[in-house]
Each structure stands twice: as C-alpha cells, then as structure tokens.
Amino acid sequence: MQFPESWLREFCNPPLNTEQLAETLTMAGLEVEELKPVAPPFTSIVVGEIKETVQHPNADRLRVCQVDVGQGSLLNIVCGAPNARAGIKVPCAMVGAELPPGEDGKPFLIKVGKLRGVESQGMLCSARELKLSEDHGGLLELAADAPLGQDIREHLKLDDTLFTLKLTPNLAHALSVYGVAREVSALTGAPLKEPAFPAVPVSHADTLPVRVSAPDLCGRFSGRIVRNVNTKATTPSWMVDRLARCGQRSVTALVDISNYVMFEFGRPSHIFDLDKIHGGLDVRWGKPGEQLKLLNGNTVTVDDKVGVIADDVQVESLAGIMGGDATAVSDDTKNVYVEAAFWWPRAIAGRSRRYNFSTDAGHRFERGVDPGLTVEHIERITQLIVDICGLPDTACGPLDDQQLNLPRPQPVRLRVARAARIIGMPLTQAQCVQALKRLGLPLSETEGIITVSPPSYRFDLQIEEDLIEEVARLVGYNKLPHTPPLAPITAKIRPESQRSSFAVRRSLAALGYQETINFSFCEERWEHELAGNTNPIKLLNPIASQMSVMRSSLLGSLLQVLKFNLDRRADRVRVFELGRVFLRDASSKSTDTTVEGFNQPMHVAGMVCGGAEQLQWGSKDRGVDFFDVKGDVEALLAPQVASFHPAQHPAMHPGRCAQVFLHGKPIGYVGELHPRWRQSYELMQAPVMFELELDAVLQRDIPAFKGVAKHQSVERDIAVVVSESVSHAALMQAVWSAPTQGLLRDALLFDVYRAKLSKSAQDVALGTGGLRDDEKSLAVRLTLNSAEATLTEEQIEVAVQAVVERLVKALGARQRV
C-alpha cells in the first residue's frame, strides 16, 4: 500500500522525522518497503503567469512569452509548448535554476540564452521536465489562484515522501491512511485525530428496494440515493494529487470520491447510476451461466460460488470486487445510488483470481473490512459528492441500513505469564495492559489474566497468540533481550563405517561425471516408461503439466539432461545426480522426517553417452559400453565388492542389464537404455546408466590391519572349458569356494577363448582346440601364499587341484590341456 507522508501526518503527527517514522513502522510489523520522494531535487522554480505571447520571428513552432513572476518586471522567455497562451499560470525556471538530473545524472542549469536570435531569460516547464509525471504534451498548468513568485515545491507540496508498506494478510486494519495513523499513535503516543462524520441533511424520502438473499455473503448493506449531481464536475487538484500519490489515477469526480474514501478509511464502496437500475437490487450468490460485463471491459461468467448484486433484469456487479458496466456512472448521469457493505472475507477470497485480475476492493474485503462504519463512511462519501458534484437542487435521501449477519467477536484471554514465556522477556501485567490500551482494545483484567473484546475492525485477534504478538509489537521487537541458547550442542558424528554424500559426489566427479540437480516433480510418461510405475504419486496442484507426479526414479531426469546436451552437439556426456525418490509404502509411518504411506529414500544415478575416453592420440576412440559403467559402479563401491546378475528393468536393454548386489542384497541396476526408448527419445547412441540406493553406497568396510607376507607368493595358470552360459561371477565364486587351506590369495581371469567357425571336420579337430560352439575356454591366474613358510611343490599342486575339482563339480568344467 502506498500513501504520502503528509496525509498520514494530518491524522497523527509524531515528533519523528521520515526515516525514524519508517523504522518505527517496520519494527512494529508494518514493513516499509520503500521511501520515495514525491519529486526529485530542483531549485529556483516559481509560479509564473504568461501575460502575452507572440509568434517567434524566426521559428514557426516557437512563441515569445512575457512572463510575470512577481518581481515587478516581465521576463522574456521563448517557449515551444503547444498550450503556451496568455492568462495561464505555469512553473517558471528562473536564470540560475537547476532542473532535475537527466539521463547523464547531472542537473540541468538554466542560463540566459538566445533561441533563433531571441533572448530567453528562463524556461517554462512541463510536468515531465520536473519529473512529476510522464506527461509531455505541454506546460504544467497551475491553479488560477496560485500566488505569483511562490516556490513551486511549496505550492504543489512536493517536499513529501511516498511510503510503500508491505503488509501481511493479518494487518487488514492498516490498509488505509487512517489505519496506519492509528498504529502510529499507538506506537508513539502521539495524539490521533479522530474523524467526524456529520450527517448530511436529508431532503427527500426516496429509497431503493434492496433484498439481501445471502446473509453468508453480505452481513450488512447500506445505501442512499443522491439526486441531481453534476457528474461532469472536475475533481479538485488536492484530491487528484493525493490519489496519484497513492498510485491511483483520476477517472471522474464520482469515481475519485469513492477511491479517495477507500484509501482514507479502508472502505471500498460503489456508486451506481440510479436510472440504469431496473427495479430494486438483490444481493445473492450467482447462478451458473450468468454473465456480467465489468468496468474493466471484461465479460465474466459467474456460478453459485461467486457473489453478485443483481437487479430485476440482470447482474450489475461482482460483490466486493468490481462494478458492472451496465450501471456505471457517465457524463449523462444525474441520479446516483451510493453503496457500502460488509462482505464476509471467506465469500470474497479467491474470487477475483478466478478471472485473472485483482482489485483494491477485493484485496481489502478478502482480508476483512470494518462492518461497524458503513453508515459513517456513506456520510463521508455523500458530503464529498455534495461539495464537489453538488448543484443547487442536489438532494440526498435517507440512509437504508440492513444489518443481517455481523461478526460476533469472541473475547480472547491473555495469560501474562505465558506471554512473558513466549516473548522471552519478563513482562508485568501493567505493561501488557498499557500496550493493549494504546491499541484501543477494550479489556478487563483479573490477577494474571487480561480479557480483550476485539473491536470490529480487528479480524486478526482470535487466539491468545494474537494478543501476545500485539504486546510484543508495542513493547518493541528491538527491546527483546539477546539470549543465547543454553541447550548443549553436540555435533553429530558420522560413524567410521559410513562416508558422506559429498564423498560420493567427489568419487563420481573423479570418474569424469558432472553433477546435475533436477526437480523432484517429473512427467508422468517417464514414470510409466522408465520406472514401470503404473500408479505414480500425483500432485494436487502441479506447477506445470509436465511436472505432475513425484519421481520414483532418477533416470528420467538424467535422460532429459542427456538429451538437452546432445541436442546442443555435446559429443560426450557423463552426468550424475544424488536425489530423493518417492515410493508408495504402506508400512511407512509419520515422523519428523517421514510421511505415512510414502517412502522417500535417497538414490544416486548416473548416465553416460559418447566416447569412453576423451579424444587423444594414445588410444583409439571407442564408444562407452556396459562394462565401462559397470567398472565405474565397482569403483564407486570400492573397497566393497559387488556382484552383478542378469536382470530386467523397464528402462534398460533386456540383454544388457544387471542387478547390483552388495552383501547379498539388491541395491540397484546398471545397463544400457532400452532400444525402444532410445528410438522414442531420438538418441543417436544408446546411453549406459546406473541407479543405486545411496544408503548402500555410503557404507564402507572399516580398514583392518593385515601383515605383509614374509614369503614369496606363487602363481599358477589354469584353463578350463565351460558352457557359454557360465558367468564370470559364477566362475569366481567356484574358485574361491575351493578348499585351498587358506593358501589362495588372488584369482584373476586373464583370457577368454571361443571356437572359431570352421568349414571342415579337420578344422574342428585341429583349429578350435576341441571346443564346441556352445563352449568357451577361461584362463585363470591363481596367486598362492602362506604366512607360515615357503610353499612346497606338493602344497601348490594340492591347492591347484582343489580349485580344478571345484570347477568341475560346480560348473561342469573340464581342464584344458
């Protein structure tokens, strides 16, 4: 809310300068967002009157003006404004005056000069040249009674400051100049000028029939007929200036009067053209399908959730939001109906947003407007109408005031001891009583308890905490003691068997990956296709249609990042993300960090596409494959050793996908993108990806001391023929399960040999080493050692033979000679 400081000081003028006043309001919860001068600095600009104008002898668009500035002699000033004419009073910059700075930031100095051969002894100014507005259509014309020679800053009251307040929704009582003044009076103790609302003399008995059919929409409706008004009257300059300084442009005199009272006392009102109303008015809820053309030119369709004011023929107004075009006042209007009502906040809240606009009236009514002063405010509006738009035969009718369903504020109790405990400083009952009385709150007190009866304009006082906040505001937030916390603070020490998530990030970065951060909301298509989730968690109010569900996998987000980079000609992309996924889980209970029915674990996922290595001269360029990423996963989990088993995943290639197991438990998947999704997402290459449970990745084995071998190790190579279906994991499991009496230190697969397709039986016998097409030869290097003594040939042979026998028994292998 914006208003000029001078208007505020008419109601309450504390002994504070502008900055101190702004600080006082801010510290009381009425945040002053901006202080802005009404006009920029300029000097030596006075009121002048043009006495005579003649055409410039050497320029068609210039005039030579004789200007009286109250110095006894006329000034010769050349002017090119189209409205420069004799008899008007305008701002005149004297020789030596400084105009507001231009785009270069430097003030413009007025000197005696010649324009096309004619001397000019000053400058006549427009509003734009004084930076008062953007109007540059001509000179700024002043009132006819403006004193000659008076400083223009004094005449236009330009030494003023605009306050812009950022108010929270509970401060509806401060949405007016008088409301802010009431707060200033309570905060500073300065006297508050109470407004007077003298009754306007009633000169006819006409009333407009009004029926309030919806008391849950309108609790009080007041109105009056005023006949024979001059709608063509000019709004007084003082009112135009105040409205402009509140951010409201002048429209017509009647509209300006309604807006003025709204800014003055926070009471939105509406003025109807009486002769355009058919019959009487009915305040009711709308009917589905009814349409209304508003004052802003929009035509809206209402329903039974939107309040309206209708006559016997059509809807005339959106209740508490905006009037209709059909009954708007115009230059032809002679008789008006002035309306002021109390609309229930819950009946107005959110209605204007349905139609994608907002109004000052709706902003106030949905927060709460005082239901107790509708009649008084109509008296104020009526008096202004009579003063500004009145004619000799202007006649005011009696006030029609219907009170149907007014709020009944309930008394609120304040326990002084609890207030002191919550505020965090010692408070006496006398301090609390004084603070609440300064706010004008009626109260009664007993020992340790204060009972407040909230006035009609304080919708926010409903519970004890509201009164505690008021006490804290009046005592002063800056007076609260700075008390450090006394509770012991103990650092949460991570166990040695667990590493941090930042260590995981650093490990992946060391492997050449770049981290991405994505929304937890994703497209529903990703969940169906990439996660196989047919029932994703849907958002009630998604921020975008493509972010309508919560993700249960990180792969969709990474695939989007990958495609974004590939579309911009990135030839090698390696990205990862640590993020939360959201799964339905009936076993989950609500705690401080969980929600009942939903599991929210952290995952880590990565995706790679392009070359396996950066382009270099030392090795041939090749594309990344399954085994490259499998190696990255093993490096990420090291020193823990994972096992990989063929598996199926909705996002991955059915023959190039493995489930990752750690200590016998599945922790994730690694594999190549499914060809179907590669084609669907229009990818030239198939990316390889992984996704693991972060908790499992964070675990690590605590290093344990192990002595260095004192004796020389022995290496033996064995080659066995096994079925093509035997995996490396099965081979290693069989080797390590052999009874070698603890002599086996390491086992390494160093060669794989398969039969070549042969054309003859002789080739099969001699050229393939005796392998069938469904067999392969695996060569394993065994490292043996003993901590007790150097191994003998007999011990070595027994251990090697034990490994071979285990391979024969477990895998059906045969030793290759």
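Please refer to the structure placed before this passage.
Residues numbered from 1 in each chain as written. Predicted model: local features only at pLDDT ≥ 70, side-chain atom pairs only at ≥ 80, totals over all residues. Heavy atoms only, no water.

Caption draft 1: Main features of the packing of aromatic side chains. As enumerated under the stated definition, the model contains 14 aromatic pairs in all. Summarising the aromatic geometry, the rings of Phe3 and Phe163 are spaced 5.8 Å apart at their centres and angled 20° between planes, so their arrangement reads as stacked. Taken together, the residues span a long stretch of sequence, with Phe3 in strand 1 (residues 2-4) and Phe163 in strand 11 (residues 161-166) at a distance of 160 residues. The same class applies to Phe3 as to Phe163, namely buried. Seen from their ring centres, Tyr513 and Phe690 are 6.2 Å apart, and the 80° between their planes marks the pair as edge-to-face. Here the residue Tyr513 occupies a position in the loop between helix 14 (501-510) and strand 27 (514-515), and Phe690 occupies one in strand 38 (residues 688-693), the gap between them amounting to 177 residues. Comparing Tyr513 with Phe690 shows no difference in burial state: the two are buried. The ring of Tyr457 carries the charged tip of Arg182 above its face, separated from the ring centre by 3.9 Å. (Phe/Tyr/Trp six-rings, centres within 6.5 Å; stacked < 30°, edge-to-face > 60°. Helix = DSSP H or I, 4+ residues; strand = E, 2+ residues; numbered from the N terminus. Buried < 20%, exposed > 50% of the residue type's maximum accessible area, 1.4 Å probe, protein only. Lys NZ or Arg CZ within 6 Å of the ring centre and 35° of its normal.)

Caption draft 2: How the structure looks around the pairing of strand 24 (residues 412-415). Of the two faces of strand 24, the one lined by Val412 and Leu414 is fully buried and the one lined by Arg413 and Arg415 carries no buried residue. The pairing of strand 24 with strand 26 (residues 449-452) spans 4 bridges and is classified as antiparallel. Looking at the pairing, Arg413 lines up with Thr451 of strand 26. (Pairing = 2+ DSSP bridges.)

Caption draft 3: Local environment of the packing of helix 11 (residues 416-423) against helix 13 (residues 464-475). Where helix 11 contacts helix 13, the two axes come as close as 10 Å, and the packing angle between them is 65°. Taken as a pair, helix 11 and helix 13 cross one another with a handedness that is right-handed. For the pair helix 11 and helix 13, the contacting residues are Arg418, Ala419, Ile422 and Ile423 in the first and Glu464, Glu465, Ile468, Val471 and Ala472 in the second. Across the contact of helix 11 with helix 13, the residue classes tally to 6 nonpolar, no polar and 3 charged. (Axes fitted to C-alpha atoms, helices over the stretch in contact; angles between N-to-C directions. Left-handed = near helix turned anticlockwise from the far one by under 90°. Contact = heavy atoms within 4.5 Å. Nonpolar A, V, L, I, M, F, W, Y, C, P; charged D, E, K, R; others polar.)

Caption draft 4: Inspection of the sheet that holds strand 29 (residues 537-538) at higher detail. If you walk across this open sheet you meet the 3 strands as 28-30-29, and the pairing is antiparallel. Unpaired on one side and paired on the other, strand 28 (521-522) and strand 29 mark the two borders of the sheet. Where strand 28 and strand 30 (residues 549-550) come together, 2 bridges link them in antiparallel fashion. Across the sheet, the residue bridging to Cys522 is Val549, located in strand 30.

Caption draft 5: Region of interest: the sheet that holds strand 41 (residues 775-784). Taken in spatial order, the 4 strands line up as 40-41-39-42 in an open sheet, and their pairing is antiparallel. Two strands in the sheet have a free side with no partner beyond their single neighbour: strand 40 (744-754) and strand 42 (814-815). By the bridge criterion, 10 bridges tie strand 39 (residues 714-723) to strand 41 in an arrangement that is antiparallel. Looking at the pairing, Val721 lines up with Ser777 of strand 41. Sitting on the sheet, helix 20 (residues 728-736) touches strand 40 and strand 41, and the angle it makes with strand 40 is about 140°. Those strands touched by helix 22 (residues 793-811) are strand 39, strand 41 and strand 42, and its axis lies near 20° from that of strand 39.

Caption draft 6: Spotlight on the nonpolar core. The biggest cluster of nonpolar side chains holds 73 residues, and the ones touching the most others in it are Leu25, Ile385, Cys389 and Leu414. Tallying contributions element by element places helix 6 (residues 253-265) first for this core, with 8 residues. Excluding residues within four positions of it along the chain, Leu25 makes contact with Leu30, Glu31, Val32, Phe163, Leu165, Val180, Val184 and Leu187. Ile277, Val302, Trp343 and Phe357 belong to the second-largest nonpolar core, a separate cluster that totals 38 residues. (Core = buried A, V, L, I, M, F, W, Y, C linked by side-chain atoms within 4.5 Å.)

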